[in-house]
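Report on the structure
This is what each chain is made of:
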Amino acid sequence: MAAVSAAREILRRLHEVMAAKSGAEAKLNQVVQIVARELSSEVASIYLLRDGMLELFATRGLAQEAVHVTRLSMGQGLVGVIAASREVLNLAEAKAHPDFVYRPETGEEDYHSFAGVPIVRRESAIGVLAVQHREPRDYDEVEIEALQTVAMVLSELIHGAGLVDDSQAAKARAASSEPMRLPGLKLVDGLGRGVAVFHQPRVIIEHTVADDTEAERSRVYSAFGRMREQIDAMMGQAEFVGGGDHHDVLDTYKMFAYDEGWSRRINEAIDTGLTAEAAIERVQARTRARMRSIDDPYLRERLTDLDDLSNRLLRIVSGQLGTAAQMGIRDDTILIARNLGPAELLEYDKRYLKGVVLEEGSLTAHVIIVARAMGVPVLGRVRGLFSDVSEGDELIVDAANGALLVRPQAAMITSYQAMSVLKAKQAEKFAAVRDLPAISRDGRRVAIMMNAGLADDAQALELTGADGIGLFRTEFQFLVSATLPRRERQQALYRAVLDAADTRPVVFRTIDIGGDKAVPYLLDGNDQEENPAMGWRALRLALGRPALMKIQARALLEAGAGRTLNVMFPMVSEPWEFAEAKALVESQRALLARQGHALPLAVRYGAMIEVPALIETLDTLLPMTDFVSVGTNDLTQFLFAADRANPRLADRYDWMSPAILRVLRRIVVAAKAAGVPATVCGEMGGRPLEALALMTLGVDTLSITPAGVGPIKAMVRSAELGPLSAAMAVWLDSPNVDVRAALLAAAKAQGVELGWSRG
């Protein structure tokens, strides 16, 4: 039987069951008979959540004596795992699963294969629908989708019959009004306090089976039209006119919004007999399941974009008022969401948005790029977010420490207020030195540059008093675009940044993608890697795709006409790579000259020192370069063989380790001997004590996040670097010295300003 026909027949039979005047338990007994017959299954069973336990409520194939007797706790056995995770299980051999639990009263010892889906209502599992077969087999996609469709209808039936009280989940959610600390992953640094506001009330689908298929189809067509109007209107807002990264994000949204394949799948679901709301949710669940099986991090993150649009469509078709942004926020708000699309975040009033907390979330998501540009702290991967936080709860987001404080005690609030006052005082102090040079007490000048990646970031030069942009990450424009950005768009971005910087220098790092920054239109199936951080990325990828690099080179050269252009190549492993990249840019420079284009007054070429192998060839590399920049993040992870994105390894190494400091000293000494300026960029330079250590090694230029410029400048102006440099030389050449403790003690003795700043 074809997929649509099978699903339609099941729904037709279920519709008859729901319309019958029999009792709820009799209806469930009929449902398991229908499922078993239509899927040719030897066992079909329904478990319902009753008093906190999953109780076998109806079955065909298992022993009837087990009904209302067999009970499993959440997380116990295969059924418990499905309910706890709200994920599908599809097993050819159930007994091989580590969570398999045998209950002898069921008589299920003869069955090998098992498939189960959660029955969900209001985002909580209220039961499980499962099938079993004697022979080992994998259930195909059509069968799993049929089970999921039945589960949607069962949710409606169970709720209507009062078999599971919706308040059970609410009671669990409100079981504790005590203060809580929920751990999470720092996605965007910062500290914020406000009341919990849920991004969107969940659309509760009350009716899953359609009475009139054509009427449901008409509702979906109308909803698609309104959703596309919303996206078009958003792109026309003054804030987004003129291109830039936000415009690229919305271009991606528009592409998805007009995708015919997506609308066709929803129509196919309606053809099976589902209502418009149920069809949208059915396709959304199917997309989520498929995306979870994809290894590519970028493609997984597009799940967020599709969720955004699916949720919009569901709200429109159901007549829901809209998101919290559309209804308006008027108080200090901590936004709560399972996931969030960048376009939705841009709708919020930045005056009141003090933080974002996500149950999911990822460092590579589009929304993180936008949140960082907005200056909004974001905490992700917070388990239990929707069960432990209620609308209106007071919250404190401490992204730096990876924590969400729920209903904080008075002492916590007092501590937050004291920290806020301290930060305000520090901000005043930093503002006072904003226009002053970073000169130490003993007369040493240090250049404090800032890192950037969005067009708007350049505005921070005036706000922070930075000496320039020491690292402009050009890949952001590629990450938020659905297709390769045209040369004209790249050129416009680079020119806008140079114009905003005026006479201050800007160092453009050529595209650094691959690894955790995958871009699907530049990668293919052959680019899947077990260790992407050390794989086909950055300069390796760019040199392997010379057309890509030529386009960027021309855009940079055209944007830099009449000025000095600084171009830096990322992840150089050997000197020949630098030479090849430089020659490629020079070839485009010569081409533009022949065509009569205006050119930069000069082009300075630099190399990122991130790969340890390059340190062994500095004698060859340095004479070829105009400057070098040490990327401490990648260099450290490669030296320690510790993935910096793995939270388990975050504390396994210290930037003040002699191993790191000795390597950095070696680079600085070699660069000074060759007369080549050496900059340090990365998180290390944004932390006051670590930045002080770099200066004691001879580093005279740092490039850090804008938020770190003020604290680091204040630190430099309060320090006497000569004595500290002499002490550092002794510490690094002596065994068993705790360099961090020694430098901290020496800095405190001098009265150095070390107000904490996370770069």
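Residues numbered from 1 in each chain as written. Predicted model: local features only at pLDDT ≥ 70, side-chain atom pairs only at ≥ 80, totals over all residues. Heavy atoms only, no water.

**Describing the overall build of the protein chain**
As a reminder, the rule being used: Only DSSP runs of H or I covering at least 4 residues are called helices, and only runs of E covering at least 2 are called strands; the numbering of each starts at the N terminus. Burial classification: accessible surface area is computed with a 1.4 Å probe over protein chains only, and a residue below 20% of its type maximum counts as buried, one above 50% as exposed, and the rest as partly exposed. Accessible surface is estimated by sampling points in the Shrake-Rupley manner with a 1.4 Å probe; for residues, cover comes only from the protein chains shown.
Counting its secondary structure elements, the protein chain contains 29 helices and 22 strands. For the protein chain, the residues scored as buried account for 53% of the 759 residues in total. For the protein chain, the exposed area adds up to about 31,200 Å²; of that, 52% sits on carbon and sulfur atoms.

**Observations regarding the nonpolar core**
Selection rule: The definition of a nonpolar core used throughout is a set of buried Ala, Val, Leu, Ile, Met, Phe, Trp, Tyr and Cys residues joined through side-chain atoms within 4.5 Å. In what follows, a contact means two residues having at least one pair of non-hydrogen atoms within 4.5 Å.
Core analysis: the biggest nonpolar cluster contains 90 residues, and Phe569 and Leu702 have the highest contact counts within it. Apart from residues lying up to four places away in sequence, Leu702 is in contact with Ala447, Ile448, Met449, Thr679, Val680, Gly685, Ala691, Leu694, Met695 and Ile712. Within the second largest apolar cluster, 57 residues are counted, among which are Leu39, Phe57, Ala146 and Ala279.

**Points about the side chain of Asn339**
Applied cut-off: We call two N or O atoms a polar contact when they sit within 3.5 Å, provided that within protein one can donate a hydrogen and the other can accept it, with sequence-adjacent residues counted only if both atoms are side-chain atoms.
Assignment of secondary structure puts Asn339 in the loop between strand S10 (333-337) and helix H12 (342-345). Overall, the relative accessible area of 16% leaves Asn339 in the buried class. A distance of 2.8 Å separates the side chain of Asn339 from the side chain of Glu360, its partner in a polar contact.

**Remarks on the packing of aromatic side chains**
Test applied: Two rings from Phe, Tyr or Trp (for Trp, the six-membered ring) form a pair when their centres are within 6.5 Å of each other. A pair whose planes differ by under 30 degrees is stacked, one over 60 is edge-to-face, and the rest are tilted.
Following the criterion strictly, the structure yields four aromatic pairs and no others. Taking the centre distance of 5.7 Å and the plane angle of 70° together, the rings of Phe569 and Phe578 count as edge-to-face. As far as burial versus exposure is concerned, Phe569 and Phe578 are alike and both buried. Each ring, one from Phe569 and one from Tyr605, has its centre 6.2 Å from the other, and the planes form 20°; the classification is stacked. With Phe569 in strand S18 (residues 564-569) and Tyr605 in strand S19 (residues 602-609), the pair connects residues that are 36 residues apart, well separated along the chain. Look at Tyr605 and you get buried, because its relative accessible area is 2%. Joined through ring pairs, the aromatic side chains of Phe472, Tyr494 and Phe508 make up one cluster.

**Some words on helix H28 (residues 721-732)**
To keep it simple, the criterion reads: Expected span, for any helix, means 1.5 Å times one less than how many residues it has.
Taking 1.5 Å as the rise per residue, H28 with twelve residues should run 16 Å; its terminal C-alpha atoms sit 16 Å apart, in good agreement. Looking at the buried residues of H28, the elements they touch are helix H25 (658-674), helix H26 (688-696) and helix H29 (739-750).

**Some thoughts on the pattern of salt bridges**
This is how it is decided: Salt bridges are defined by distance alone: a side-chain nitrogen of Lys or Arg within 4 Å of a carboxyl oxygen of Asp or Glu.
Under the counting rule described, the total for this entry stands at 26 salt bridges. Note that Arg217 and Asp271 form a salt bridge whose closest N and O atoms lie 2.8 Å from each other. With a gap of 54 residues between them, Arg217 in helix H6 (residues 213-236) and Asp271 in helix H8 (residues 260-271) connect regions that are remote in the sequence. As a salt-bridge pair, Glu462 and Arg504 come within 3.9 Å of each other at their nearest N and O atoms. Highlighted residues: Glu462 in helix H16 (residues 460-464) and Arg504 in the loop between helix H18 (487-501) and strand S17 (506-509), separated in sequence by 42 residues. Classification of Glu462 by relative accessible area gives exposed; the value is 53%.

**Notes on H29**
This is how the line gets drawn: Summarising the geometry, the arc corresponds to the directions from the helix axis toward the C-beta atoms.
Compared with an ideal rise of 1.5 Å per residue, which puts twelve residues at 16 Å, H29 spans 16 Å between its outermost C-alpha atoms and is within 8% of the ideal. Those residues of H29 that fall on the buried side of the exposure criterion are Val739, Ala742, Leu743, Ala747 and Gln750. Considered in projection along H29, the buried side chains sweep an arc of 125° and stay on one side of the axis. Seen from the open side of H29, the exposed residues pointing more than 90 degrees away from its buried face are Lys748 and Ala749. For H29, the secondary structure elements touched by its buried residues are H25, H26 and H28. Phi turns positive one or two residues past the end of H29, at Gly751, with a value near 80°.

**Quick notes on the environment of Leu163**
Counting through the fold element by element, Leu163 comes out in the loop between helix H4 (141-161) and helix H5 (167-173). Residue Leu163 is classed as buried on the basis of its relative accessible area of 13%. In the structure, Leu163 is positioned 113 residues away from Arg50 in sequence and 8.3 Å away in space, judged by C-alpha atoms. Not counting residues within four places of it along the chain, the set of residues in contact with Leu163 comprises Ala24, Leu28, Leu48, Arg50, Phe57 and Ile158.

**Points about the side chain of Gln132**
With respect to the helices and strands, the residue Gln132 is situated in strand S6 (residues 124-133). Take Gln132: its relative accessible area is 6%, and that puts it in the buried class. Discounting chain neighbours no more than four positions away, the residues touching Gln132 are Ser41, Glu42, Val43, Leu62, Glu108, Tyr111, Ser113, Phe114 and Tyr139.

**A closer look at the confidence of the model for the protein chain**
As a reminder of what qualifies: The pLDDT value expresses, per residue, how confident the predictor is, ranging between 0 and 100.
Averaged over all residues, the pLDDT of the protein chain is 81; the fraction at 70 or higher stands at 81%. The low-confidence segment residues 169-176, where pLDDT is below 50, has nine contacts with residues more than four positions distant or belonging to other chains.

**Overview of the sheet that holds strand S21 (residues 678-681)**
Applied cut-off: For two strands to be treated as a pair, DSSP must find no fewer than two bridges joining them. Each axis is a line fitted through C-alpha atoms, and for a helix only the stretch in contact is used; angles between axes span 0 to 180 degrees, taken between their N-to-C directions.
Pairing within the closed barrel is parallel, and its eight strands lie in the order S15-S16-S17-S18-S19-S20-S21-S22. Each strand of the sheet is rotated relative to its neighbour by a mean of 25°, with strand direction disregarded. With three bridges connecting them, S17 and S18 associate as parallel partners. Bridging across to S18, Arg509 finds its partner in Met568. On top of the sheet, helix H24 (residues 632-640) reaches S19, strand S20 (627-631) and S21; it is set at about 60° to S20, its chief contact. Strand contacts of helix H27 (residues 706-718): strand S15 (447-452) and strand S22 (701-704), with the helix running at about 165° to S15, the strand carrying the most contacts.

**Structural notes on the pairing of strand S13 (residues 394-398)**
Buried residues dominate S13, accounting for four of its five residues. Of the strand pairs in this sheet, strand S9 (residues 191-198) and S13 are connected by five bridges, and their pairing is antiparallel. Directly across from Gly192, in S13, lies its bridge partner Val397. Hairpin connection from S13 to strand S14 (residues 403-406): four residues lie between these consecutive antiparallel strands, with Gly402 at a positive phi of about 60°.

**Some remarks on the pairing of S18**
Consecutive side chains along a regular strand alternate between the two faces of the sheet. By the criterion of burial, S18 is predominantly enclosed, with five of the six residues buried. As defined by bridge partners, S18 adjoins S19 across six bridges and the pair is classed as parallel. Across the sheet, Met568 pairs through a bridge with Gly606, a residue of S19.

**Things to note about the packing of H24 against H25**
Stated formally: Should an angle fall under 35 degrees it is called roughly parallel, over 145 degrees roughly antiparallel, and 65 to 115 degrees roughly perpendicular, with every other angle called oblique. It is the rotation of the near helix from the far one that decides the hand of a crossing: anticlockwise by less than a right angle makes it left-handed, clockwise makes it right-handed. We call Asp, Glu, Lys and Arg charged. Ala, Val, Leu, Ile, Met, Phe, Trp, Tyr, Cys and Pro are nonpolar, and the rest, Gly among them, are polar.
In the contact formed by H24 and H25, the axes pass within 11 Å of each other and the chain directions differ by 125°. Comparing the axis directions of H24 and H25 gives the class oblique. Considering the relative orientation of H24 and H25, their crossing is right-handed. Here H24 contributes Leu635, Thr636, Leu639 and Phe640 to the contact with H25, which in turn contributes Ala659, Ile660, Val663, Leu664 and Ile667. Residues that form the contact of H24 with H25 fall into these classes: eight nonpolar, one polar and no charged.

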